[in-house]
Amino acid sequence: MVIPAVGSVDQTDFDRTQFMEIAPVATAVIALIAIAIYVRDRRRGGLVRAILALLCAAGLMSGYIETEPGTINVRNPLSGKHLSIPGIGSMTWDGDSQSSARQTRDTVIHDDQVELNGDDGVSGTFRIVSATRGPIDTFDRKPTVIVTYAWTNTGSASAFFQNLCSAGAFQHGVALDQTYLYPEHGDAGVPESYDRESWMVAVEPGATKNVTLVYSLADEQTPVEVWIGDYRFDDAVVRRFPVAGTVSSSANVPPTELAAERADDPIRSDATATDEDRAGMTTFETVWGDLHATILDAHRGAPSVGGAIRPMVVVRVAWINDLGRPTTFFYHFDLKASIRDVELTEGYADTSKEPDPQYDMYSTLRGIKPGILHTATIAFEAPDGMDADSIQDVQVTLTGSSSTDEKTISATLPIAQKVQS
C-alpha cells in the first residue's frame, strides 16, 4: 500500500477531471477514513476498505491527501494546487493558474537541508538523517529500507510533515512504493526508532521532529536514492544509500544502517533513455520541459477489483520524462479508450487472482526521474453487454493534459491474450 509522495497511490474508476465542484469533498472524507483504517489496522481487514475508498479518491483528487485537525488538504505534486476543505461545509481554492511561459530549470539540489515555505505562515527546514535496512515486510513479502527524515517547524503555526514536502525513494530512477511495518503483527527486526505515525504528528513552531518512512525495495543490489523537497521539486536534498551486501533485519539480525553518498548528478544519474527511444515517440511540450510518449499495445486483463465481472482491457503506453525533475504519467497525460464508440471506464485488474506481469496498477502514479523510459499500464472495464469473445480491438486516445498545445495521438489496437507469468 502506498502513501502519496513521489511514488504511487491507488486509483479506481474515475473521470480524470481535476477538482470537480463537490465530488472531492465526499471522496476526500472517505479516503481520510480509509487511510486511518489502513494505518491502524492493516492486517485485520483494513486493506480492502482502504483500497476501495482511496481508489475512488485518488483519481478525482489528482494529488495528495493531507489531514490536520478538522481539515482535509489536497495537493498536486507538480502544480502546487491546493484544495483546503475545512470540515465538510466549505472549500477554498488557492491554486495558481498554469503559466504559459516555459519554466525548464532543473531541480536545485541543496547540500544538507532545504527550507520550504507554504501558506498561512507554514514553513520548515528538512533533511535526510539516515537509511536502514529493514525486515522483510510480512504483509507484502518484500525487503524494505527505513528512511529517517528530520524537519524543524520554522513557521508561526503548527504543521504536519506533508503540509510542506514531498519525500520518496527511487531505484533505477523509478519511485518505490511506501509501506508500513507492524512489529505487533509479525514484522521482526524493526528498529525502536521506527514510528509509523510520525508523519501524521503535528509539530509546533520551533520544534524538530524525526519522521520514519518505509519503502519496499525493487531489488537488493541497486542503490536507493532518497529525495525530499517541495511538491514540484523546485528544491530538494538528495542522498544515495548502497544496499548491496546488506541483508534484511530479523529477530536474529539487527538493522543495518546504510552509508550515505552524494550522487554526482542526482537529477539524471539514472537516465537510460536514448535518442533512438525518443525517435519513435510523440513529443509533448509542457511549461516545465518536454515529455515523449507512444501507445504500445493492448491485451486482455484479469478481472476487475471488487466490481462486476466484466472483460478488462489493459493498454500500455511508453513514455520518457525529459523534465528537469521527477514527475508522474498521471499528472501530464489523459488516456481514454473506447470499443465500438462506447467509452470505457478505468478500472483495476485483480492480479492477485490472475497474475499479469505486464500490468502495474500503480504505474501511472509512480514517480519517474528525468531520462527514464517507463511504461504506464491502464486497465479499462468493458460496459455491460460486451462479452470477451466479441471484443477484438480497442480505440485509444492519448492527450497531453499538461502540454501547451493539447496534443493528441490515437491508435486502434488489436486486443491480445493476456501474457502469463
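Here is what the cut-offs are and how they apply
- Residue positions are given per chain, counting from 1 as you read along its sequence in written order.
- In keeping with the model being predicted, local features are shown solely for residues with a pLDDT of at least 70 and side-chain atom pairs are shown and tallied solely at 80 or more, while totals for entire chains, interfaces and linings include all residues.
- With hydrogens and water stripped out, all remaining heavy atoms of the structure feed into the side-chain values.
- Put simply, DSSP H or I for four residues or longer makes a helix, DSSP E for two residues or longer makes a strand, and each gets a number counted from the N terminus.
- Accessibility here uses a 1.4 Å probe with only protein chains present; expressed as a share of the type maximum, an area under 20% marks a residue as buried, one over 50% as exposed, and anything in between as partly exposed.
- Two residues form a contact once any of their heavy atoms are found within 4.5 Å.
- The accessible surface values rely on the Shrake-Rupley method and a 1.4 Å probe; as for residues, cover is taken only from the protein chains in view.
- Pairing of aromatic rings covers Phe, Tyr and Trp, the last through its six-membered ring, and needs centres within 6.5 Å; plane angles under 30 degrees mean stacked, over 60 mean edge-to-face, and all others mean tilted.
- A side-chain nitrogen of Lys or Arg and a carboxyl oxygen of Asp or Glu constitute a salt bridge if their distance falls within 4 Å.
- Nonpolar cores were defined as sets of buried Ala, Val, Leu, Ile, Met, Phe, Trp, Tyr and Cys residues, with membership established by side-chain atoms within 4.5 Å.
- Whenever a nitrogen or oxygen atom comes within 3.5 Å of another N or O atom, the pair is scored as a polar contact, on the condition that within protein one atom can donate a hydrogen and the other can accept it, and that pairs from neighbouring residues in sequence are kept only if both atoms are in side chains.
- DSSP-based pairing: two strands are paired if at least 2 bridges between them are found.
- The pLDDT value tells you how sure the predictor is about a given residue, anywhere from 0 up to 100.

(A) Spatial organisation of the overall build of the chain. Summing up its helical and strand segments, the chain has four helices and 24 strands in all. When the 421 residues of the chain are sorted by exposure, 56% land in the buried category. Of all intrachain contacts in the chain linking residues separated by at least 6 positions in sequence, the fraction that spans at least 24 positions is 72%. When the accessible surface of the chain is summed, it comes to about 17100 Å², and 49% of that surface belongs to carbon and sulfur atoms.

(B) Broad picture of the packing of aromatic side chains. By the definition in use, this model includes ten aromatic pairs. When the ring of Phe-126 is compared with that of Trp-151, the centres are 5.3 Å apart and the planes differ by 5 degrees; the resulting orientation is stacked. With Phe-126 in strand S7 (residues 123–133) and Trp-151 in strand S8 (residues 144–153), the pair connects residues that are 25 residues apart, well separated along the chain. As far as the burial class goes, Phe-126 and Trp-151 line up, both buried. Here Trp-227 and Phe-233 contribute two aromatic rings whose centre-to-centre distance is 5.4 Å and whose plane-to-plane angle is 80 degrees, an arrangement assigned as edge-to-face. The pair Trp-227 / Phe-233 is uniform in exposure class, with both members buried. Among the aromatic residues, ring-to-ring pairing joins Phe-126, Tyr-149, Trp-151 and Phe-161 into one connected group.

(C) Structural context of the pattern of salt bridges. Scanning the model with the defined rule gives 18 salt bridges in all. Asp-234 serves as the salt-bridge partner of Arg-232, at 3.5 Å between the closest nitrogen and oxygen. One salt bridge connects Asp-234 with Arg-325, and the closest N-O pair in it is separated by 2.5 Å. Of this pair, Asp-234 sits in the loop between strand S13 (224–229) and strand S14 (235–241) while Arg-325 sits in the loop between strand S18 (312–323) and helix H4 (329–332), and the two are 91 residues apart along the sequence.

(D) Main features of the environment of Gly-206. Looking at where Gly-206 falls in the secondary structure, it is placed in the loop between strand S11 (178–179) and strand S12 (208–216). Sequence separation of Gly-206 and Ala-157 is 49 residues, and the distance between their C-alpha atoms is 9.6 Å. In this structure, Gly-206 is in contact with Thr-152 and Asn-153, ignoring residues within four places of it in sequence.

(E) Structural view of the nonpolar core. In terms of nonpolar packing, the biggest core is built from 37 residues, with Phe-126, Tyr-149, Phe-161, Tyr-215 and Ile-228 touching the most fellow members. For this core, the secondary-structure elements that each account for two or more residues are strand S6 (114–117), S7, S8, strand S9 (166–171), S12, S13 and S14. Those residues in contact with Ile-228 that lie beyond four places of it in its chain are Val-114, Phe-126, Ile-128, Tyr-149, Phe-161, Cys-165, Ser-166, Ala-167, Phe-233, Asp-235, Ala-236 and Val-237. With 34 residues, the next largest nonpolar core counts Leu-323, Ile-368, Ala-382 and Val-396 among its residues.

(F) Inspection of the side chain of Ser-363 at higher detail. On the secondary structure map, Ser-363 appears in the loop between strand S21 (345–347) and strand S22 (373–381). Using a relative accessible area of 1% as the deciding quantity, one classes Ser-363 as buried. Side-chain polar atoms of Ser-363 contact the backbone oxygen of Asp-360, separated by 3.0 Å. Leave out the neighbours within four places in its chain, and Ser-363 touches His-374, Thr-375, Ala-376 and Thr-377.

(G) Here's a closer look at the sheet that holds S13. Strand order in the open sheet formed by five strands is S5-S14-S13-S9-S10, with mixed pairing between adjacent strands. A single partner strand is all that each edge strand has here, and the edge strands are strand S5 (108–110) and strand S10 (174–175). Two elements, S9 and S13, share five bridges in a ladder whose sense is antiparallel. Each bridged residue has a counterpart across the sheet, and for Gly-168 the counterpart in S13 is Trp-227.

(H) Quick peek at the pairing of S7. Burial analysis of S7 places nine of its eleven residues in the buried class, the great majority of the element. Pairing analysis gives four bridges linking S6 to S7, with the strands arranged antiparallel. Its bridge partner lying in S7, Asn-117 is registered against Ser-123. The antiparallel pairing of S6 with S7 creates a hairpin that spans five residues between the two strands, and Asp-120 there sits at a positive phi of about 55 degrees. Bridging between S7 and S8 involves nine bridges; their strand directions are antiparallel. By the bridge assignment for S8, Arg-133 is matched with Val-145. Taken together, the two bridges between S7 and strand S15 (residues 256–257) define a ladder with antiparallel strand orientation. Looking at the pairing, Thr-132 lines up with Glu-257 of S15.

(I) Structural view of the pairing of S9. Burial analysis of S9 places six of its six residues in the buried class, the great majority of the element. Neither face of S9 is open: one carries Ser-166, Gly-168 and Phe-170, the other Ala-167, Ala-169 and Gln-171, and all of them are buried. The pairing of S9 with S10 spans two bridges and is antiparallel. Counted as the bridge partner of Phe-170 is Ala-175 from S10. Count of turn residues in the S9/S10 antiparallel hairpin: two residues, of which His-172 carries a positive phi of about 60 degrees.

(J) Here's a closer look at the confidence of the model for the chain. Of all residues in the chain, 73% have pLDDT values of 70 or greater, and the mean over the chain is 77. Here residues 1–99 is modelled with pLDDT under 50, and outside its nearest four sequence neighbours on either side it reaches 258 contacts, counting other chains as well.

(K) Geometry of unusual backbone geometry. Here Phe-233, not a glycine, exhibits a phi torsion of approximately 55 degrees, which is positive. The topology assignment puts Phe-233 in the loop between S13 and S14. The buried category is assigned to Phe-233, whose relative accessible area is 1%. Despite not being glycine, Asp-341 shows a phi value in the positive range, around 70 degrees. Tracing the chain through its elements places Asp-341 in the loop between strand S19 (333–339) and strand S20 (342–343).

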